[in-house]
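# Chain and residue survey
Now for the letters of each chain:
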Amino acid sequence: MAAALLASVALVVQRPGPVNAQGGGTVEVTVTYNGAPVIEKLKVNKDTEKCGTEAAIEKVVVGGNKGLANVVASVPTAKGAPRMVKATVDQHGCKFVPHVTAMMPGELELKNSDDILHNIHTYSTANSSINKAQPKFKKVMMEKFEKPEIIKLTCDVHSWMLGWLAVLPTPFFAVTDAGGAAKIENVPAGKQTVEVWHETLGKQTKEVDVKAGQTVKVSFEMKK
Amino acid sequence: MSATGATAHAHVGHAGHHELGFIRTYIFSTDHKMIARQFLFMGLFMMIIGGLLALVVRWELAWPETAVPGLSMILTETGGILEPSQYNMAFTMHATIMIFFVIMPILAGAFGNFCIPLMIGARDMAFPVLNMLSFWVGALAGVLMLAGFFVPGGHAAAGWTSYAPLSAVPEYTGVKWGQNLWCISLFVLGISSMMGAINYITTIINMRAPGMKLFRMPLVIWSLFITAILLLLALPVLTSGVAMLLFDRTLGTSWFKPSGGGEPLLWQHLFWYFGHPEVYILILPAMGIASEILPVFCRKPIFGYHAMAFSMIAIAFLSWVVYGHHMFVSGMSPALGMAFTVTTMIIAVPSAIKTFNWLGTLWGARIRFTVPMLNALAFVSMFVIGGLSGIFMASTPVDIYIQDTYFIVAHIHYVVFGGSIFGAFAAIYYWFPKMFGRMTNTVLGHLHFWPTFVFFNLTFFPMHIIGVGGQMRRIYNPMQYEFLQHQQHWNVFITVSAFCLGLGQIPFVVNFFWSLFAGKKAPLNPWNSNTLEWTAPSPPPHLNWGPTLPTVYRGPYEYSSPESRDDWLPQTAPPVTAAGARRH
Amino acid sequence: MLDWWLPENVSTYGQEIDWLFHLIYYITGATFVLVFVTMLAFIVMYRDRPGRRARYTHGNTPLEIAWTVVPALILVVLTFLSVPAWSKIKMHVPPTDFDVNVTAKQFNWQVTYPGNDTVFLDEMHVPVNKVVRVHLRSQDVIHSFFVPQFRMKQDAVPGREIVQWFEVMKPGKYEWPCAELCGFGHSGMRGWIYVHPPAEYAKWAAENLTAAATPAAEAKPEAKKPEPRKEGKGKK
């Protein structure tokens, strides 16, 4: 009787279990793109010691085997415990590094490792927009993003700087590397939807069947 | 038009002599003298805050991006280094506090309240309860303004001029509640000032003692009368403007936002239509105070009393039609710019007239260099410099270069500090004996005056230089610009002088509080002055005089008159014989 | 002495502004000396000494009239002298074929040339001795186009286009700050205006203002040429 009570309490309270819950599988996502990369170049006149004299705005980055980088792959249907890994974005060399960051709702660590004035100006609707200066002596700033949303990151001082922040409702996500590959581990078994998002090429979804202890591969081809 | 005896008697009857508790005597008093003291304390308290903010601004300009001493406790994230957005907040709040919560409360609030009934021979203001409300509404505005320092996002940071759309769209500054509180606070303060203005105008028109004709009124009363009219007519425009700004920020209107069909320049027109009369509101009482103090310590009448009164009226009239000189390069039609140049050049004339009349008062005088007199002389001389620098900006082509540079900052501070603040100091030292029943300490008065005068000039005169050099306003790091680097040493010089200027105020604080409690008890008329307030006790009791109000027989500045063996002749002294036609 | 600090003027109408500045400087300087010397003299001569009585007078009407009329005349003359320069600088743009578009934003100057899509950030290239017509806009808040050495200043107001002009007489590189508080990046918002002799300008234009090239570029950084870039928000 006590055990039943305990079990029902446990069910009601829904304490999150450890991340590597039993029964998780791996999803390997590959994203390709048939078109040409889009990298816009601009001559730079400000803070040239840190920013160089030319800036590159990477909008579509295509690597080996037509792999599309900077794509956010996630499994929005899967629920799980929040990740412990801290989300960080650095303003380095007058670029947002990484260009695309994925995180769960919570705090983002913003770093300024350049020795110049940067600022964080976000464009979002669900989360309130932020427009804050990050001077050189403020090397770390923490900002909260509580609601799932894709947020654009800019710097007003260096107008070519562009980044993206994907605040996701699920802990199961990864960002594709230069080759277009991303691996998401410990995804709960069962039918799941995998979603990929790219800043200019849009979103796509596919159904997958995740089996515990196994890897399922899913590929997407983005179109213009 | 002399005072109606009926009103005076009604006051005596109504007040009765029932004991008022602590709250009715010291907190919610309807006695104009207590309200005056309340305004004075509020203004002096806010001056400390406004002054500290100025020192923060000055630190940053001299030594950009270094830790400001004393701020590491507050600016914990950066160890005391001011961020650019915080710098913008610092100068915005420095100006807002000094203009709205220091100069106006001290000159118009404190001395308007104290001097008007006493110097026209009335027992109190026409509307004592309204008077009490005007202080407390003003104090509420002060609380609202200070609250803005504690909200997330920080305080307003768009300049005291708050130009739209920077101020109208929270995202552009990252400031949310701070700027909203700024708007609300000024809205509330506007109500306070309008209440006060109604009171002053009504009292001066209706409650003068028998014999106190308009042209026998002391010039400080003239100045406060004209100031009150300006307040009454200008503040509604500001009040409406800040309401519109608040609506743009919070209710989705687009008065000033082009994205919604609004017009940024509309804000500037509304603001400066108020703003220019506002600066005359700031200086006119100080001019009145100088005109009051100079004759007393020169022992001769003010030179050109009528010219002095009429020139203040002229300044007030003209103040409505010059405001566009703040907008010469704003995008406003250049043809309008042409018109505003004409009017702006003209408004220099009445100020020139006043300066020459003050000089005329000094001519042939017997000058006594008391502490109030020193401050009044400082007012005259510093105001001249401020006025002359204004001529540069009145010429539209020259203003193209000068606008938004430190030349303007120099001009502003010569007129509001060199002018209004020295006027306020003069008034405080002069009327302290009557207000508080005690004399201030003369040595401390000199220890305050001389460093203030010297360091004031060392701080603000070089700003003309760096302004001519092209240093823009509201930047925090001049070293970012190659064309400014060669004059950075002036910024360091100015900052060091400013800190010395700050230190120079310590004798004033000490003097003020020490004299309040331990100063020598003041006699009835320590300065041998002619005006009515010196016939009431020091300090005057409730209702100011005994059963009979004073009667006035002559003008206020009959010093060294041949009709008297003394070198003074009070307004209330009955005439010796009916001899001779006298001018007043 | 104040004028020692004026930056070197290199523009045509800057000369008229400087002339007026100096005129006002001398007039106000003379007034300052006159008033201060008088005041100091009076303070010393008329200090209180025993046995003296102050001169009992209420004023002097002829003097009053004199010191009303004389300053008024001086100021009226100053006004008339200011009008032609103002009209020339702000009310009439001389005919020219050289236009440049400047759209201000937090916290940069975005420069484009007619017929060319390239957006230059914080730099403008113009030929010397040519009237340059500037079409000034802002895409967010009020900024102010200020070039100290041209004696030029004009606020850029969002929602409208303001046409201004300048003509520079000396080649060089001129600092171009923003002179109206525009946010936390106001301090440091600054561009450069390069004024070239004709041949040098032609060379710059040939290298930088070619018609729109291919929109996609290689990932490796290229030598000098900035790629054309669609700048969305600026032009209203």
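Here's what I pulled together on the structure shown here. Keep in mind the model is a prediction, meaning the values are calculated, not measured.

Thresholds, definitions, all that
- Residues numbered from 1 in each chain as written.
- Chains lettered and ligands numbered in written order.
- Predicted model: local features only at pLDDT ≥ 70, side-chain atom pairs only at ≥ 80, totals over all residues.
- Heavy atoms only, no water.
- Helix = DSSP H or I, 4+ residues; strand = E, 2+ residues; numbered from the N terminus.
- Buried < 20%, exposed > 50% of the residue type's maximum accessible area, 1.4 Å probe, protein only.
- Contact = heavy atoms within 4.5 Å.
- Areas by Shrake-Rupley, 256 points an atom, 1.4 Å probe, with all protein chains shown as cover.
- Buried area = accessible area lost by both parts, 1.4 Å probe.
- Salt bridge = Lys/Arg side-chain N within 4 Å of Asp/Glu carboxyl O.
- Nonpolar A, V, L, I, M, F, W, Y, C, P; charged D, E, K, R; others polar.
- Disulfide = S-S within 2.5 Å.
- Axes fitted to C-alpha atoms, helices over the stretch in contact; angles between N-to-C directions.
- Parallel < 35°, antiparallel > 145°, perpendicular 65-115°, else oblique.
- Left-handed = near helix turned anticlockwise from the far one by under 90°.
- Pairing = 2+ DSSP bridges.
- Polar contact = N/O pair within 3.5 Å; in protein donor to acceptor, adjacent residues only side chain to side chain.
- Phe/Tyr/Trp six-rings, centres within 6.5 Å; stacked < 30°, edge-to-face > 60°.
- Core = buried A, V, L, I, M, F, W, Y, C linked by side-chain atoms within 4.5 Å.

Assigned secondary structure in chain A consists of two helices and 18 strands. Of all 224 residues assigned to chain A, the portion counted as buried reaches 48%. In chain A, of all internal contacts separated by at least 6 residues, the share reaching a separation of at least 24 is 61%. Carbon and sulfur atoms make up 55% of the accessible area of chain A, which amounts to about 10,600 Å² in all.

This part is about the interface of chain B and chain C. Taken together, the contact pairs 104 residues of chain B with 80 residues of chain C. Roughly 7,900 Å² is buried in total at the junction of chain B and chain C, and carbon and sulfur atoms are behind 71% of that figure. For chain B, the biggest contributors to the area lost against chain C are B:Arg366, B:Ile400 and B:Tyr401; these three give 9% of the whole. Our count for the chain B to chain C interface comes out at four salt bridges. Between B:Arg368 and C:Asp48 there is a salt bridge; the shortest N-O distance is 3.4 Å. In terms of residue count, the dominant contributor to the side of chain B that touches chain C is helix α11 (residues 334-362) of chain B (16 residues). Split into classes, the residues belonging to the side of chain B that touches chain C amount to 60 nonpolar, 30 polar and 14 charged.

This part covers the state of the cysteines. Residues and elements named next belong to chain A. Evaluation of the coordinates by the stated rule reveals one disulfide over all chains. Disulfide partner of Cys51: Cys94, at an S-S distance of 1.7 Å. Looking down the S-S bond of the Cys51 and Cys94 bridge, the torsion is -60 degrees, so its handedness is left-handed. On the criterion of sequence distance, the pair formed by Cys51 in helix α2 (residues 48-51) and Cys94 in the loop between β5 (87-92) and β6 (95-97) is long-range, its members being 43 residues apart. Across the pair, Cys94 and Cys51 agree in class, each one buried.

Here the focus is unusual backbone geometry. All names here are of chain B. Cis geometry is adopted by the peptide bond preceding Pro165, which originates at Ala164 and carries an omega value of 0 degrees. Assignment of secondary structure puts Pro165 in the loop between α5 (128-147) and α6 (170-173). Of note in this structure, Glu65 is not a glycine but carries a positive phi near 60 degrees. Here Glu65 lies in the loop between α3 (32-62) and α4 (84-120). A positive phi angle, close to 50 degrees, is found at Ser162, a residue other than glycine. For Ser162, the position within the fold is in the loop between α5 and α6.

Here we come to the packing of α11(B) against helix α12 (residues 371-394) of chain B. Residues and elements named next belong to chain B. Contact geometry for α11 and α12: axes closest at 10 Å, N-to-C directions at 155 degrees. Between α11 and α12, the angle falls in the class roughly antiparallel. By crossing handedness, the relation of α11 to α12 is classed as left-handed. Contacts between α11 and α12 involve Thr341, Thr344, Met345, Ala348, Ser351, Thr355, Trp358 and Leu362 from the first element and Met373, Leu377, Phe379, Val380, Phe383, Val384, Ile391 and Ala394 from the second. Considered class by class, the residues forming the contact of α11 with α12 number 12 nonpolar, four polar and no charged.

Here we take up the interface of chain A and chain B. At the junction of the two partners, chain A supplies 10 residues and chain B supplies 13 residues. Summing both sides of the interface, chain A and chain B together bury roughly 960 Å²; the carbon and sulfur share of this comes to 56%. Its largest share of buried area at the contact with chain B, chain A owes to A:Asn131, A:Phe137 and A:Lys138, together 55% of the area lost on that side. If you look at where chain A meets chain B, you find three salt bridges. Among the salt bridges present, the one from A:Lys138 reaches B:Glu77, with a minimum N-O distance of 2.8 Å. In terms of residue class, the side of chain A that touches chain B is made up of five nonpolar, three polar and two charged.

Residues and elements named next belong to chain A. Across the sheet, which stays open at both edges, the three strands sit in the order β15-β1-β18 with mixed pairing between neighbours. Each end of this open sheet is capped by a strand with a single partner; those strands are β15 (181-188) and β18 (215-222). Along the sheet, successive strands turn relative to each other by an average axial angle of 25 degrees, direction set aside.

Looking at the element boundaries, A:Glu54 is found in strand β3 (residues 54-60). A relative accessible area of 22% places A:Glu54 in the partly exposed class.

Right, let's get into the environment of B:Arg366. As for its position among the elements, B:Arg366 is in the loop between α11 and α12. With 194 residues separating them in the primary sequence, B:Arg366 and B:Ser560 have C-alpha atoms 9.7 Å apart. A distance of 2.6 Å separates polar atoms of two side chains, one belonging to B:Arg366 and the other to C:Asp48.

Residue and element names in this part refer to chain B. This model, assessed by the stated rule, comprises 78 aromatic pairs over all chains. On the numbers, 5.8 Å between centres and 5 degrees between planes, the contact of Phe379 with Phe383 is stacked. A residue pair is termed a helical-turn pair when its members lie 3 or 4 positions apart in one helix, as Phe379 and Phe383 do in helix α12 at four residues. Since its relative accessible area comes to 1%, Phe379 is described here as buried. Taking the relative accessible area as the measure of exposure, Phe383 reaches 8% and is therefore buried. Taking 5.9 Å as the distance between ring centres and 80 degrees as the angle between the ring planes, the aromatic pair formed by Phe436 and Phe512 counts as edge-to-face. Highlighted residues: Phe436 in helix α14 (residues 406-436) and Phe512 in helix α17 (residues 506-518), separated in sequence by 76 residues. Phe436 sits in the buried class, given a relative accessible area of 14%. Given the relative accessible area of 4%, Phe512 is considered buried.

Here the focus is the side chain of B:Thr341. In this fold, B:Thr341 is placed in helix α11. Judged by relative accessible area, which is 2%, B:Thr341 ranks as buried. When sequence neighbours within four positions are dropped, the list of residues in contact with B:Thr341 reads B:Phe328, B:Ala394, B:Thr396 and C:Thr79.

Formed by 320 residues in total, the largest nonpolar core has its most connected members in B:Trp431, C:Met124, C:Phe145 and C:Phe166. The leading source of residues in this core is α4(B), at 24 residues. When neighbours within four sequence positions are excluded, C:Met124 is seen to be in contact with C:Val100, C:Val102, C:Val111, C:Tyr113, C:Phe145, C:Phe166, C:Trp176, C:Trp192, C:Ile193 and C:Tyr194. A:Val75, A:Ala182, A:Val218 and A:Met222 belong to the second largest nonpolar core, which has 24 residues in total.

Before going further, it helps to examine the sheet that holds strand β4 (residues 123-127) of chain C. Strand pairing in a sheet is mediated by backbone hydrogen bonds. Such pairs are either parallel or antiparallel. Residues and elements named next belong to chain C. One open sheet holds the three strands; their spatial order is β4-β10-β9, and the pairing between them is mixed. Whereas interior strands pair on both sides, the edge strands pair on one side only; in this sheet they are β4 and β9 (172-177). Neighbour-to-neighbour, the strand axes of this sheet turn through a mean angle of 25 degrees, independent of strand direction. Pairing geometry for β4 and strand β10 (residues 190-196), over five bridges, is parallel. Its bridge partner being in β10, Glu123 is matched across the sheet by Trp192.

Remember that the coordinates give geometry; whether it matters functionally is a separate question.
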